[in-house]
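# Architecture at a glance
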Number of protein chains: 2
Amino acid sequence: MDFKRVAKDTTKTLISYLTYQALLTVLDQLKETDPPQAYWLNYFSAQTSIQDGDAYIEELLRARQELAFRIMTVRQHLAEEIVDFLPEMVRTGIQQSNMEHRRQHLERITQLTIPEPPTLDEQQSDSG
Amino acid sequence: MDFKRVAKDTTKTLISYLTYQALLTVLDQLKETDPPQAYWLNYFSAQTSIQDGDAYIEELLRARQELAFRIMTVRQHLAEEIVDFLPEMVRTGIQQSNMEHRRQHLERITQLTIPEPPTLDEQQSDSG
């Protein structure tokens with residue numbers, strides 16, 4: 001497995017996701033303080049994919065630089081506050097999720113091997 | 001800002017992304033060792049969204065449990081190998097990206113204020 005490439009791709013995905021979370025935060029703030037600006041940013045973000053966070057910032061810089069700068073500041077702030085917690089949360093999350101999937105699957109398989117109770121047949125032969 | 005919620009949502013996104021990377025890894029392995037199985041998994045994954053990693057695993061468990069177990073094992077392994085590097089990579093990545101965006105934007109603004117050199121006009125009046 002190419003861990004180095006996976007780590008790099010995961011970092012890019014994470015940065016785009018934090019850019020998206022920063023956009024949501026700025027939208028929430030603007031809804032309170034400057035509704036027309038919130039409306040404009042919402043419309044812009046519906047037209048411009050944020051799948052690639054850096055391409056999105058690039059477009060926004062050309063359209064309304066002050067909003068782009070604001071989102072850049074917020075995503076950096078978000079990163080500083082949360083990234084240190086992620087390793088433990090992701091590790092634990094995957095372990096728990098895997099365990100839960102195995103448990104549910106085992107339960108499902110076990111139920112499949114138990115024969116159906118013959119209630120309906122018995123009732124039919126009683127009434128017939 | 002609700003850092004706790006953002007950390008939780010980011011963890012979920014990361015787990016789904018690592019599930020996707022685990023799928024890619026298993027697909028690569030199967031292409032070498034068991035092409036029909038690789039073909040089946042590729043087809044299944046085109047039909048079933050992996051946007052939500054846990055819903056994907058759930059579906060795959062019902063269809064071909066041995067493949068689901070394999071992807072679960074690989075995603076746990078990937079997490080163990082890479083998550084500890086992510087905080088530093090994401091922090092540095094965002095800092096560098098923000099700096100680069102600001103630099104490029106400054107360059108762009110500065111260039112806009114410099115008048116175009118009148119070369120073409122001069123050439124035209126020379127040749128005209």
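Residues numbered from 1 in each chain as written. Chains lettered and ligands numbered in written order. Predicted model: local features only at pLDDT ≥ 70, side-chain atom pairs only at ≥ 80, totals over all residues. Heavy atoms only, no water.

### Focus: the relation of the copies chain B and chain A
Applied cut-off: A residue counts toward the fit only if its pLDDT is at least 70 in both copies, and the copies are then superposed by least squares on the C-alpha atoms of those residues. In this analysis, two residues are considered to be in contact whenever any of their non-hydrogen atoms come within 4.5 Å of each other.
Least-squares fitting of chain B to chain A yields an RMSD of 0.0 Å, with the superposition described by an axial translation of 0.0 Å and a rotation of 180°. As the rotation angle and translation indicate, the two copies are arranged about a two-fold axis. The fraction of interface residues of chain B whose copies in chain A are also interface residues reaches 100%, indicating that both copies meet through the same surface.

### So, the nonpolar core
Rule in force here: What is meant by a nonpolar core is a set of buried Ala, Val, Leu, Ile, Met, Phe, Trp, Tyr and Cys residues, joined one to another through side-chain atoms within 4.5 Å. Any residue under 20% of the maximum accessible area for its type is buried, any over 50% is exposed, and the rest in between are partly exposed; the area is computed with a 1.4 Å probe on protein chains only.
In terms of nonpolar packing, the biggest core is built from 60 residues, with L18 and L41 of chain A together with L41 of chain B touching the most fellow members. Beyond its immediate chain neighbours, meaning those up to four positions away, L41 of chain A contacts L23, V26, L27, L30, Y56, L60 and L67 of chain A.

### Some points on the interface of chain B and chain A
Operational definition: As used here, buried area is the combined drop in accessible area, with a 1.4 Å probe, of two parts when they are placed together. Whenever a carboxyl oxygen of Asp or Glu lies within 4 Å of a side-chain nitrogen of Lys or Arg, that contact is scored as a salt bridge. We define a polar contact as two N or O atoms separated by no more than 3.5 Å, with the added condition that, inside protein, one atom must be a possible hydrogen donor and the other a possible acceptor, whereas residues neighbouring each other in sequence contribute only through side-chain atom pairs. The helix and strand labels rest on DSSP assignments: H or I over at least four residues marks a helix, E over at least two residues marks a strand, and numbering proceeds from the N terminus. When residue character is reported, Ala, Val, Leu, Ile, Met, Phe, Trp, Tyr, Cys and Pro are called nonpolar, Asp, Glu, Lys and Arg charged, and the others, Gly included, polar.
Facing 52 residues of chain B, the contacting portion of chain A comprises 52 residues. For the pair chain B and chain A, the two sides together bury roughly 5200 Å², of which 67% comes from carbon and sulfur. Broken down residue by residue, the surface that chain B buries against chain A is led by M1, I94 and H101 of chain B, which jointly contribute 11%. The tally of links between chain B and chain A comes to 4 salt bridges. Between R91 of chain A and D84 of chain B there is a salt bridge, with the nearest N and O atoms lying 3.4 Å from each other. In this assembly, chain B and chain A are joined by 20 residue pairs in polar contact (both at pLDDT 80 or more). Elements supplying a minimum of two residues to the side of chain B that touches chain A: α1 (3-33), α3 (53-63), α4 (65-82) and α5 (86-113) of chain B. Looking at the side of chain B that touches chain A, its residues break down into 23 nonpolar, 16 polar and 13 charged.

### Some points on the confidence of the model for chain A
In regions of low pLDDT, the predicted coordinates are not meant to be interpreted in detail. The cut-off we apply is this: Confidence of the predictor at the level of single residues is given by pLDDT, which spans 0 to 100.
Scored by pLDDT, chain A has a mean of 90; 87% of the residues are at 70 or more. Taken over the whole predicted complex, pTM reads 0.84, whereas the ipTM for its chain interfaces reads 0.83.

### Quick notes on the environment of H101 of chain B
Structurally, the position occupied by H101 of chain B is in helix α5. Residues H101 of chain B and Q111 of chain B, spaced 10 residues apart in sequence, show a C-alpha to C-alpha distance of 15 Å. Beyond its immediate chain neighbours, meaning those up to four positions away, H101 of chain B contacts D54, I57, E58, L61, M72 and R75 of chain A. Within the structure, the side chain of H101 of chain B is placed 2.9 Å from the side chain of D54 of chain A, a separation counted as a polar contact.

### Some remarks on the packing of α1 of chain B against helix α2 (residues 35-47) of chain B
Residue and element names in this part refer to chain B. Quick note on the threshold: Axis geometry follows a simple rule: fit a line to the C-alpha atoms, using only the stretch in contact for helices, then measure angles between N-to-C directions, giving values from 0 to 180 degrees. Put simply, angles under 35 degrees are roughly parallel, angles over 145 are roughly antiparallel, angles from 65 to 115 are roughly perpendicular, and the rest are oblique.
Interhelical geometry of α1 versus α2 gives an angle of 150° and a closest axis separation of 6 Å. Considering their axes alone, α1 and α2 lie roughly antiparallel with respect to each other. Every residue of α2 that contacts α1 at L23, V26, L27, L30, K31 and T33 is listed here: P35, Q37, A38, L41, N42 and S45. Considering only residue class, the contact of α1 with α2 consists of 7 nonpolar, 4 polar and 1 charged.

### Some words on the packing of aromatic side chains
The cut-off we apply is this: Classification of ring pairs rests on two measures: the distance between centres of Phe, Tyr or Trp rings, Trp counted by its six-membered ring, which must be within 6.5 Å, and the angle between planes, read as stacked under 30 degrees, edge-to-face over 60 and tilted in between. Definition used: whenever NZ (Lys) or CZ (Arg) falls within 6 Å of the ring centre and also within 35 degrees of the ring normal, the charge is taken to sit over that ring.
This structure, assessed with the given rule, holds 6 aromatic pairs over all chains. A centroid spacing of 5.9 Å and a plane angle of 45° characterise the contact between Y17 of chain A and Y20 of chain A, whose relative ring orientation is tilted. In this pair, Y17 of chain A and Y20 of chain A are both assigned in helix α1 (residues 3-33), 3 residues apart and thus about one turn of the helix distant. Residue classification places Y17 of chain A among the buried residues on the basis of a relative accessible area of 16%. Overall, Y20 of chain A belongs to the partly exposed group, its relative accessible area being 33%. Pairing W40 of chain B with F44 of chain B gives two aromatic rings, centres 5.2 Å apart and planes at 15°, and the pair type is stacked. Note that W40 of chain B and F44 of chain B are positioned in helix α2 at a spacing of 4 residues, about one turn of the helix. By relative accessible area, W40 of chain B is classed as partly exposed at 22%. Above the ring of W40 of chain B, the side-chain terminus of R64 of chain B is found at 4.2 Å from the ring centroid.

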